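# Survey of secondary and tertiary structure
Spelled out from the first residue to the last, the chains are:
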Amino acid sequence: MTIEIERHKYDILVIGAGGAGLRAAVEAREAGLRVAIICKSLFGKAHTVMAEGGAAASMGNVNENDNWMVHFRDTMRGGKFLNHYRMAELHAKESPDRIWELEMWGALFDRTKEGKISQRNFGGHEYPRLAHVGDRTGLELIRTMQQRIVALQQIDKAETGNAESNIKVFAELTITEILKEGGKVSGAYGYWRENGKEVLFEAPAIVLATGGVGKTFKITSNSWEGTGDGHALALKAGANLVDMEFLQFHPTGMVWPPSVRGILVTESVRGEGGVLTNTNGERFMFKYIPDVFKDKYADNEAEADRWYVDQDNNRRPPELLPRDEVSRAINSEVKAGRGTEHGGVFLDVSKRLSAEVIKKRLPSMWHQFYELAGVDITKEAMEVGPTCHYVMGGVEVEPDTAAAVGVPGLYAAGECAGGMHGSNRLGGNSLTDLLVFGRRAGMAAAAYVKSAGTTQVSQSAVQAASLRIQAPFTRTGGENPYKLHQELQEITHNLVGIIRTKTELDDAIVKITELRKRIANITVSGNREFNPGFHLSFDLDNMLLIAESTAKSAVLREESRGGHTRDDFPKMSTTWRQINNISSFDGTQVNVSQQPLPVLPKELFDLFDPHELEKYMTPEELAKGGSN
Amino acid sequence: MARKLNLRIWRGNKESGALQNVIVEANEGEVVLDVIHRVQAEQLNDLAVRWNCKAGKCGSCSMEINGKPRLACMTQVSSFPEGEEITITPLRAFPVIKDLVTDVSFNYKKAMEIPSFQPPVGMKPGEPRMAQVDVERSQEFRKCIECFLCQDTCHVIRDHEENKSSFAGPRFFIRIAELDMHPLDILRNRKKKAQEEHGLGMCNITKCCTEVCPEHIRITDNAIIPMKERVVDEKYDPLRWLGSKIRKREGIL
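Because the structure is a prediction, the values reported are computed rather than measured.

### As for the overall build of chain A
Within chain A one finds 18 helices and 22 strands. A compact globule built from 628 residues would reach a C-alpha radius of gyration of about 25 Å, and chain A, at 23 Å, matches this within 12%. Seen through its principal axes, chain A has C-alpha atoms that stretch 75 × 55 × 55 Å. Scored against the burial criterion, the 628 residues of chain A give a buried share of 68%.

So, in structure tokens, the structure goes:
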């Protein structure tokens, strides 16, 4: 059977149309190149819309003591010093410019009294740092980027007569494979979700900006799109993933009713003064302040409450500890029998703020609880518990260029790239991560294309990619993809969740290997016309690789740090802090090896108080004082 | 408590289609999108439906439930009386692709026709100073999640394909209003263009769009009516007409 293939030629292919992808596309277009943007959904629906709290940038609008060095320190602390220092440095330095730039494209952030961009408090950030629009900051960011793309298309239309001459958005299209020739990127292959028709993109550079992996897990704040496509495409193309054991369980997801389990409750609720209590009415977070944070967080209610009015003379409330700490605390409370009947704890903002202020500062939270759970958060407490929210692990990249290590022409930015956030991401750092590294990826990909030129796609590569798309319909007697997806989610939820042990992780690895054989034999009913079962069969393959990489990395890392907690190794290890777990794929299975973490250079090392570093580093590292 | 639901789901494509009866379980607290997913996983594996966030924030799962344009993720099953049939159909104003999925490209074409934001020449990043009260007017419209329910319900285009070429629809009237009220935007004549090029005059303010907006944006009262009034004022009031010629931007009067 000959399959008709639609063909396109571009300079750069951006896979993913969230914040990072759109920012990369804008940059590449402004460098004079022709760009195709691929989105799995409609344009403007990417998961970035779900980001609520804000975008962290040390503009110093609310507290002028803030600057990039303070932000850098907070990011490294939040990541428990496993971050790639250079990414954290670039991010801290460039975030303010990326936010101000959005304003020039029409974004309307909330304001301070002086008319500057307002900034709010958030977990792990020393000063009020998050630019925000109520609690719908992600929507503002994606709409601004979307409208920037439209503005550029209007300019192109005026010049060339064709709005899509330099940037074209391919909505509802799935990429199933990255194509390479002679070790370099040559294009990508995929299909239109609407009709299943196959599409070949010839492009010498690809920016992966596909976001996260949450759908690999049962309880998640992620939409159906978070299936780790970019992670998996990169692995299969010969790139590496770094530290895939680190997953952020956001401490506050909804827990009731069951149909909304996992939906995010923004950290701004705590930033605005929300308090966590157990069923005994105890404000339990005071019990869970780890030693490394004791000097920064209040150990009594009186001081914590005073902080909301006087931040210079009081320590922060422990509700604002980094997310990993709060998630573990909630998990422990529930395990100890002090959780609600639905397995959560209480989060209450009604006692500190008036109904009017709550509706103004947290409008979509009010809306979400009122309409989906029948709870009026201006009068009563919310029930919350941890939900799989974000993957810190991702494609191993060169920090300055976002180039994927080992595959010329491949770039990755945003959640699908690894390194920036170390073992735990601070809230608010994601939106600016998208902008800083989206821009850098677009810029570097453009420079690469200008010097490297084009690469031909071979007929054999196209045929192989096409056969793979046809396969689910040609097989018979296999299983239903929905059922296998549920099974995978059960495995990850039960065996690779918030608290992990060697026995369970070993068990997970065996079960994932068994599942791989069954997934290889999926059968899909119906035809290619907008067929969700067919779509899921490809997503599932990606999620399986993610689960395997996560479980295998997690079993090796014998310590607890950030988004990786081992019941059998409950402490941080100074040895493991110096190690990245690197996943690669040999065509049959994921293999994980160890690689030394780049050492902080002296000028960044010196930004920290040596006493603080003692908590993380070995005496030898401290004596060395960073690299030269 | 689980209950049995009788659904009638429209299935088909651009050629033909019909309502199909399906019986499915629904649990406490579930929304219509949950039961559609259950039907998809257990009975009709290839049932086409768009969705993303399942939290009312992305505007993907727009459809008509008992004839009303709704987000399936925000429609509680418990809002329907026990035993009542629930009829689920695709958006009527847009061509069907398959089952509950429609071709909404009309909206993206219209978005392309609205002149973009234009900041003052020479303004540098970081310079803008705006009062909260001034940004709030446009922020209301920027809450829009582009679910296109307002476009679907608007009777100017709902059953009048012939009006589509000259009518941008409520979603884009609030886009124009947002830019018109944007403290930094300097492009002139947005309202006049809304009237002359985007079909603002065809709206006869029945407020159907406001009623279906899941973000509760006051589309008619805060965007459409003020723009209509200003357009009329400027057209018939010689002083205002003169004012609009001498002021730096219109809309300051």
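### Describing the side chain of Ser537(A)
All names here are of chain A. Residue position: Ser537 is located in helix α15 (residues 532-556). For Ser537, a relative accessible area of 9% gives the class buried. Among residues more than four places away in sequence, those in contact with Ser537 are Pro472, Pro481, Ile522 and Val524.

### Details of the nonpolar core
Counting residues in hydrophobic clusters, the biggest one holds 222 residues, and the most contacted among them are Ile12(A), Ile99(A), Phe201(A), Leu208(A), Leu410(A) and Leu7(B). Sort the elements by how many residues they give to this core and helix α11 (residues 429-452) of chain A lands first, with 11 residues. One finds Ala465(A), Tyr482(A), Ile491(A) and Ile509(A) within the second-largest nonpolar core, a separate group that totals 34 residues.

### Overview of helix α4 (residues 137-160) of chain A
All names here are of chain A. When the terminal C-alpha atoms of α4 are compared, their 34 Å separation across 24 residues agrees well with the 34 Å that a helix rising 1.5 Å per residue should span. For α4, the tally of buried residues reaches 18 of 24 residues, placing the bulk of the element in the interior. Remark: Gly161 follows α4 within two positions and exhibits a positive phi of approximately 85 degrees.

### Here we look at the packing of helix α1 (residues 19-30) of chain A against α11(A)
Residue and element names in this part refer to chain A. At their nearest, the axes of α1 and α11 sit 7 Å apart, and the two run at 40 degrees to each other. Classed by the angle they form, the pair α1 and α11 counts as oblique. α11 is crossed by α1, and the crossing has right-handed handedness. Within the contact between the two elements, α1 uses Gly19, Ala20, Arg23, Ala24, Glu27 and Ala28 and α11 uses Leu434, Leu435, Gly438, Arg439, Gly442, Met443 and Ala446. Residue classes in the contact of α1 with α11 are distributed as seven nonpolar, three polar and three charged.

### Some details on the sheet that holds strand β6 (residues 130-131) of chain A
All names here are of chain A. The strand order across the open sheet built from three strands is β4-β6-β5, with neighbouring strands paired in antiparallel fashion. Taken across any chain shown, the strands that pair with only one partner, and hence form the sheet edges, are β4 (55-56) and β5 (119-120). Strand direction decides the pairing type here: β5 and β6, joined by two bridges, are antiparallel. Bridging across to β6, Gln119 finds its partner in Ala131.

### So, the sheet that holds strand β9 (residues 184-192) of chain A
All names here are of chain A. With mixed pairing, the four strands of this open sheet are ordered in space as β1-β10-β9-β8. With partners counted over all chains shown, the strands left at the sheet margins are β1 (5-9) and β8 (173-181), one partner each. The average undirected angle you get between the axes of adjacent strands in this sheet is 25 degrees.

### Things to note about the confidence of the model for chain B
The predicted model of chain B has a mean per-residue pLDDT of 92, with 92% of residues at 70 or higher. Contacts of residues 248-253 of chain B to residues separated by more than four positions or lying in other chains number 18 contacts, the stretch itself having pLDDT below 50.

### Focus on the domain arrangement of chain A
Residue and element names in this part refer to chain A. In terms of domains, chain A is made up of domain 1 (251-387), domain 2 (471-577) and domain 3 (601-628). For domain 2 and domain 3, the distance between their C-alpha centroids amounts to 38 Å. Between domain 2 and domain 3, the contact holds four residues from the first and four residues from the second. Counting each side, the surface lost to burial between domain 2 and domain 3 is near 380 Å², with a carbon and sulfur contribution of 56%. If you sort the residues of domain 2 by the area they bury against domain 3, Met572, Thr574 and Arg577 come out on top, with a joint share of 96%. Run the count over domain 2 and domain 3 and you get one salt bridge. Across the pair Glu621 and Arg577 runs a salt bridge, and its minimum N-O distance is 2.3 Å. Its residues placed into classes, the side of domain 2 that touches domain 3 shows one nonpolar, one polar and two charged.

### Looking at the interface of chain B and chain A
Each partner contributes to the interface: chain B provides 65 residues, whereas chain A provides 62 residues. Carbon and sulfur atoms supply 54% of the area that chain B and chain A bury against each other, a total of about 5200 Å² over both sides. Here chain B and chain A share five salt bridges between them. Among the salt bridges present, the one from Glu52(A) reaches Lys57(B), with a minimum N-O distance of 3.3 Å. For the pair chain B and chain A, the number of links is 42 residue pairs in polar contact (both at pLDDT 80 or more). For the side of chain B that touches chain A, the secondary structure elements donating two or more residues are α1 (32-42), β6 (96-98), α2 (105-113), α3 (132-142) and α6 (170-181) of chain B. Class assignment of the residues belonging to the side of chain B that touches chain A gives a composition of 33 nonpolar, 15 polar and 17 charged.

### Quick look at the environment of Ala131(B)
Mapped onto the elements, Ala131(B) comes out in the loop between α2 and α3. In the structure, Ala131(B) is positioned 85 residues away from Asp46(B) in sequence and 51 Å away in space, judged by C-alpha atoms.

### Structural notes on the side chain of Asp229(A)
All names here are of chain A. With respect to the secondary-structure elements, Asp229 resides in helix α5 (residues 229-236). At a separation of 3.1 Å, a polar atom in the side chain of Asp229 contacts the side chain of Asn542. Setting aside residues no more than four positions away along its own chain, Asp229 makes contact with Lys40, Thr210, Asp539 and Asn542.

### Details of the environment of Glu415(A)
Residues and elements named next belong to chain A. Within the secondary structure, Glu415 sits in the loop between β18 (410-412) and α11. Expressed as a C-alpha distance, the spacing of Glu415 and Ile546, which sit 131 residues apart in the sequence, is 14 Å. Glu415 has contacts with Gly211, Gly212, Val213, His231, His389, Tyr390, Val391, Gly393 and Leu434, leaving out every residue within four places of it along the chain. Side-chain polar atoms of Glu415 contact the backbone nitrogen of Val391, separated by 3.0 Å.

### A few points about the environment of Thr565(A)
Residues and elements named next belong to chain A. One can find Thr565 in strand β20 (residues 565-566). Each residue touching Thr565, except ones within four places of it in the same chain, is listed here: Arg328, Ile498, Ile499, Arg500 and Ser560. A polar contact is formed between the side chain of Thr565 and the side chain of Arg328, at a distance of 2.8 Å.

Rules and cut-offs
Residues numbered from 1 in each chain as written. Chains lettered and ligands numbered in written order. Predicted model: local features only at pLDDT ≥ 70, side-chain atom pairs only at ≥ 80, totals over all residues. Heavy atoms only, no water. Helix = DSSP H or I, 4+ residues; strand = E, 2+ residues; numbered from the N terminus. Rg over C-alpha atoms; globule rule 2.2 N^0.38 Å. Buried < 20%, exposed > 50% of the residue type's maximum accessible area, 1.4 Å probe, protein only. Contact = heavy atoms within 4.5 Å. Core = buried A, V, L, I, M, F, W, Y, C linked by side-chain atoms within 4.5 Å. Expected span 1.5 Å × (residues − 1). Axes fitted to C-alpha atoms, helices over the stretch in contact; angles between N-to-C directions. Parallel < 35°, antiparallel > 145°, perpendicular 65-115°, else oblique. Left-handed = near helix turned anticlockwise from the far one by under 90°. Nonpolar A, V, L, I, M, F, W, Y, C, P; charged D, E, K, R; others polar. Pairing = 2+ DSSP bridges. pLDDT = per-residue confidence, 0-100. Domains from an automatic or database assignment. Buried area = accessible area lost by both parts, 1.4 Å probe. Salt bridge = Lys/Arg side-chain N within 4 Å of Asp/Glu carboxyl O. Polar contact = N/O pair within 3.5 Å; in protein donor to acceptor, adjacent residues only side chain to side chain.

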